[in-house]
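# Observations on the model geometry
For reference, the chains in residue letters:
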Amino acid sequence: MQHTAAIRISLLALVASLAFSLLVFPLISETQRANSDPDRFGQLALNIAQGNGFVYEKGGAGVLERTPLYPYIVAGLFKLNDGFSVASVQILQAVLHAITSFVVYLIGLRIYARRTAILAQTVFALHPIAIWYTARIWAETTHTLLLMFVGLALMILLESLSLKRSFLVGLIFGLSCLTKSILLLFPILLLGFLTGRFRSQGMKYGIVVIVAMLAIIFPWTLRNFQISRHVVPVNTSLGFNLIQGDVIGEQWPSENKYMLDYWVAGETRANSILAPYGVPWESGKGDQILCRTALNNYAREPLFLVRRLVANFCTFWHLSESLAKSLLFGIAQMLLMLAACVSSVQMPSAERRTLAPLIALLLYYILVNVAVMGIARYSMPTIPFLLIIAAPLIDKVFFHRTA
């Protein structure tokens, strides 16, 4: 009974997501340049469901640029529905959004009074940006839930180190990387932190985390090597995204473009770089060439690297497919980021220490994305983290209460 209010809010999140996905999104998708399957995850999942393998079309080459977990989840839905079904994905993602809101509450409950945890959950449950991504066949909703599980698992691990908890953290890290590979390096930082704080015992459990994560990832790495004869831990695209980030660094804000425009410009440049080699950017070799090209450019022009980082940090919070969505994203994200910064400074040191794993994960996530490519879509998973941090300030400002 103690979680009744939180369960009701999760149900509210479910209803709000379903209402948007099934009723509102079809009416506005065209004006917002919002394809329901922009990254071809649905196309990939359909071929998996039909027994054609991890390919975009029957008989096609094995896909390297996509992570596997989300397409296989969607493939399971298509298998149950006996064909392509956007509605089934929308329903699943509405459920995942509701579960994520409950995890926000559980994390908040470990830090604040119940009402502050409920406030953070409620804002996330109805957050328009989080709900937006439940309507499309995109990995963001699944990825956000797994990130929240990582944050919760880290908090539990740091409360009391144990083999079981370390293994669980590694397992969740692995699943998160199979959805989006951005957290691949974070366990190394965690190992350093655990070793510094807990010495040999911390090192032991940090190694368990890394081994467990690698055990989850390795079968897919082996599959990628068999296809490409290159070591691709999860997926290619790093080099391609670096080139796109370069284009943003050069052209923003002097040229009035949106996300899809930068994507096309980045693709054109990547193809131009790879033309002498005769390989696509999705391939293992193409990815390595683009990475090497980008890194060499940064070494030659360090001032451009600084400019690039500044530009991508700005676009990380707002750059989207249309003016309306970019404005909504930018205003909502910047206000939330500001509230989180002020709240983290004002909160008691004990709460800040408890929040440290979440703050570290958030900062890592932002920095890695900004270093590669900054678009608003990539900042969506920061919303629940920022809300948890900002919740005491929001509570105080709007309800004149303290946690």
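Report on the accompanying structure.

Parameters and conventions
Residues numbered from 1 in each chain as written. Predicted model: local features only at pLDDT ≥ 70, side-chain atom pairs only at ≥ 80, totals over all residues. Heavy atoms only, no water. Helix = DSSP H or I, 4+ residues; strand = E, 2+ residues; numbered from the N terminus. Rg over C-alpha atoms; globule rule 2.2 N^0.38 Å. Buried < 20%, exposed > 50% of the residue type's maximum accessible area, 1.4 Å probe, protein only. Contact = heavy atoms within 4.5 Å. Salt bridge = Lys/Arg side-chain N within 4 Å of Asp/Glu carboxyl O. Core = buried A, V, L, I, M, F, W, Y, C linked by side-chain atoms within 4.5 Å. 1 Å grid on protein atoms, 1.4 Å probe; cavity = no way out; pocket = protein on both sides within 12 Å on 5 of 7 lines; lining within 4 Å. Points joined across faces, edges and corners; volume = space filled by probe spheres on them. Phe/Tyr/Trp six-rings, centres within 6.5 Å; stacked < 30°, edge-to-face > 60°. Axes fitted to C-alpha atoms, helices over the stretch in contact; angles between N-to-C directions. Parallel < 35°, antiparallel > 145°, perpendicular 65-115°, else oblique. Left-handed = near helix turned anticlockwise from the far one by under 90°. Nonpolar A, V, L, I, M, F, W, Y, C, P; charged D, E, K, R; others polar. Polar contact = N/O pair within 3.5 Å; in protein donor to acceptor, adjacent residues only side chain to side chain.

## Notes on the overall build of the protein chain
Check the secondary structure of the protein chain and you find 17 helices and zero strands. In terms of overall size, the protein chain behaves like a compact globule, its C-alpha atoms giving a radius of gyration of 21 Å where 403 residues would be expected to give roughly 22 Å. Its C-alpha atoms put the protein chain at 60 × 55 × 50 Å along the principal axes. For the protein chain, the proportion of its 403 residues judged to be buried stands at 55%. Contacts in the protein chain between residues far apart in sequence, at least 24 positions, make up 74% of those at least 6 positions apart.

## Here's the deal with the pattern of salt bridges
Going through the model one piece at a time under the given rule, you end up with 10 salt bridges. Within this structure, Asp39, Arg66, Glu140, Lys180 and Arg377 form a network of salt bridges that share partners.

## Remarks on the nonpolar core
What tends to happen in soluble globular proteins is that the nonpolar side chains get buried as a cluster. Among the nonpolar cores identified, the biggest contains 115 residues, and Ile107, Val169, Phe173, Leu183, Leu355 and Ile388 are the most heavily contacted of them. Apart from residues lying up to four places away in sequence, Ile107 is in contact with Met148, Leu152, Met155, Leu358 and Ile388. With eight residues, the next largest nonpolar core counts Ala6, Ile9, Tyr105 and Ala125 among its residues.

## Observations concerning the environment of Gly286
Mapped onto the elements of the fold, Gly286 is located in helix 12 (residues 284-300). Residue classification places Gly286 among the buried positions, given a relative accessible area of 0%. Each C-alpha atom of the pair Gly286 and Ile273 lies 9.3 Å from the other, and the pair is 13 residues apart in sequence. Ignoring any residue separated from it by four or fewer positions in sequence, one finds Gly286 in contact with Leu274, Val279, Pro280 and Trp281.

## Description of empty space enclosed by the protein
Taken as a whole, this structure holds two cavities of 30 Å³ or more when the rule is applied. Its volume calculated, the largest cavity comes out at about 50 Å³. For the largest cavity, the full set of lining residues is His97, Thr100, Phe124, Ala130, Thr134, Thr141, Thr144 and Met380. Elements with a contribution of two residues or more to the lining of the largest cavity: helix 4 (86-109) and helix 7 (140-159).

## A word on unusual backbone geometry
Pro253 follows Trp252 through a cis peptide bond whose omega is 0°. Residue Arg40 is not a glycine yet carries a positive backbone phi of 60°. One can find Arg40 in the loop between helix 1 (4-28) and helix 2 (41-49). Positive phi, close to 60°, is recorded for Asp82, a residue that is not glycine. With respect to the helices and strands, the residue Asp82 is situated in the loop between helix 3 (69-81) and helix 4.

## Observations regarding the side chain of Ser166
Residue position: Ser166 is located in helix 8 (residues 163-177). In contact with Ser166, not counting residues within four places along its chain, are Leu157, Tyr205, Val208 and Val209.

## So, the packing of aromatic side chains
Under the definition given, this model contains 17 aromatic pairs. Each ring, one from Tyr72 and one from Trp220, has its centre 6.5 Å from the other, and the planes form 85°; the classification is edge-to-face. Placement of Tyr72 in helix 3 and of Trp220 in helix 9 (residues 186-228) is noted, with a sequence separation of 148 residues between them. With a relative accessible area of 41%, Tyr72 lands in the partly exposed category. The exposure class assigned to Trp220 is buried, which follows from its relative accessible area of 12%.

## Comments concerning the packing of helix 13 (residues 302-316) against helix 15 (residues 349-372)
It is the contact of helix 13 with helix 15, at a shortest axis distance of 8 Å, that shows an interaxial angle of 120°. Taken together, the axis directions place helix 13 and helix 15 in an arrangement best described as oblique. Of the two elements, helix 13 crosses helix 15, and the hand of that crossing is right-handed. In contact with Arg308, Leu309, Asn312, Phe313 and Phe316 of helix 13, helix 15 contributes Tyr365, Ile366, Asn369, Val370, Ala371 and Val372. Class assignment for the residues of the contact of helix 13 with helix 15 results in eight nonpolar, two polar and one charged.

## A look at the side chain of Asn224
Its place among the elements puts Asn224 in helix 9. Residue classification places Asn224 among the buried positions, given a relative accessible area of 0%. There is a polar contact of 2.9 Å between the side chain of Asn224 and the backbone oxygen of Val234. Excluding residues that lie within four positions of it along the chain, Asn224 makes contacts with Leu64, Arg229, His230, Val232, Pro233, Val234 and Asn235.

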